[in-house]
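Here are the chains, one letter per residue:
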Amino acid sequence: MFFRPLLLALALLLPPAAHASQASPATQDAATAVSALDEYTTAAEQLVDEALSYLGIRYRFGGTSPSTGLDCSGLVLNAFRNAVGLDLPRTAREMAALGDRIGRQELKPGDLVFFNTMRRTFSHVGIYLGDGRFVHAPSAGGKVRVENIASRYWSQRFNGARRLLGDGDTFGASRTLLGVR
């Protein structure tokens, strides 16, 4: 007789415990959203940190190596490859064809920013850092540096921006287009 009340008590306790271990769809969706945001933030932070590690490296037209010099697209492709394993095309114009188009007001760290510096669209590229700043490799005689996107020079030449790091998955549509190592 002693075992019946004990079994009844256990029977009453088990269903709520089993139910508690299963998360509701809303809880799972919230956890997925937080995970995607964390993943984006981590990838963007790695990308920004990598880009800033090239500060002071001299500009070299066509340069793709930090040891010999970088041009604007060389800086961007090195940063993306080393930070998040994404191999980008060689030129700013080719990079501009990737990712999602975004407006200046939508910029987040890690976004690509494009400028018309040679009387043609998408002739210069940099990586947005946040707070109105971007890192880029300027022209001959310069070194990789950070500048304000709102300065008169850059503001007048701004062509647009692209987001390669997606909120839902780390690389958005670009993963499929480029192949991630």
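Draft legend 1. Broad picture of the overall build of the protein chain. A count of helical and extended segments in the protein chain gives 6 helices and 8 strands. Along the protein chain, helices (α) and strands (β) appear in the sequence α-α-β-β-α-α-β-β-β-β-β-α-β-α when read from the amino end. In the protein chain, which comprises 181 residues, the proportion classed as buried is 40%. Of all intrachain contacts in the protein chain linking residues separated by at least 6 positions in sequence, the fraction that spans at least 24 positions is 56%. Total accessible area on the protein chain is roughly 10300 Å²; 56% of this is exposed by carbon and sulfur atoms.

Draft legend 2. Inspection of the side chain of aspartate 111 at higher detail. Note that aspartate 111 resides in the loop between strand E3 (100-102) and strand E4 (112-115). Only 2.7 Å separates the side chain of aspartate 111 from the backbone nitrogen of lysine 108, close enough to count as a polar contact. Looking at aspartate 111, its side chain comes within polar contact range of the side chain of arginine 163, at 2.8 Å.

Draft legend 3. Region of interest: the pattern of salt bridges. A full pass over the atoms with the stated rule returns 4 salt bridges. Between aspartate 87 and arginine 81 there is a salt bridge, and its shortest N-O distance comes to 2.8 Å. The partly exposed category is assigned to aspartate 87, whose relative accessible area is 26%. Look at arginine 81 and you get partly exposed, because its relative accessible area is 29%. Between aspartate 111 and arginine 163 there is a salt bridge whose closest N-O contact spans 2.8 Å. Here arginine 163 lies in strand E8 (residues 158-163) and aspartate 111 lies in the loop between E3 and E4, a separation of 52 residues in the sequence. Each member of the pair, aspartate 111 together with arginine 163, is buried.

Draft legend 4. Expanded view of the nonpolar core. Counting 34 residues, the largest nonpolar core has Phe80, Leu88, Leu112 and Ile127 as its most contacted members. At 8 residues, the largest contribution of residues to this core is made by helix H3 (residues 72-84). Filtering out sequence-adjacent residues up to four positions away, isoleucine 127 remains in contact with Leu47, Ala51, Val76, Ala79, Phe80, Gly110, Asp111, Leu112, Val113, Phe134 and Val135. Membership of the second largest hydrophobic core comes to 10 residues, among which are Ile102, Phe115, Tyr128 and Phe134.

Draft legend 5. Examining a nonpolar patch on the surface more closely. A cluster of nonpolar residues, Leu52, Leu55 and Val146, forms a patch on the protein surface that exposes about 200 Å² of accessible area. Structurally, valine 146 is set in strand E7 (residues 145-148). Valine 146 gets classed as partly exposed once you look at its relative accessible area, which sits at 31%.

Calculation notes
- Residues numbered from 1 in each chain as written.
- Predicted model: local features only at pLDDT ≥ 70, side-chain atom pairs only at ≥ 80, totals over all residues.
- Heavy atoms only, no water.
- Helix = DSSP H or I, 4+ residues; strand = E, 2+ residues; numbered from the N terminus.
- Buried < 20%, exposed > 50% of the residue type's maximum accessible area, 1.4 Å probe, protein only.
- Contact = heavy atoms within 4.5 Å.
- Areas by Shrake-Rupley, 256 points an atom, 1.4 Å probe, with all protein chains shown as cover.
- Polar contact = N/O pair within 3.5 Å; in protein donor to acceptor, adjacent residues only side chain to side chain.
- Salt bridge = Lys/Arg side-chain N within 4 Å of Asp/Glu carboxyl O.
- Core = buried A, V, L, I, M, F, W, Y, C linked by side-chain atoms within 4.5 Å.
- Patch = residues over 30% accessible without salt bridge, like charges linked within 9 Å, V, L, I, M, F, W, Y side chains within 5 Å.

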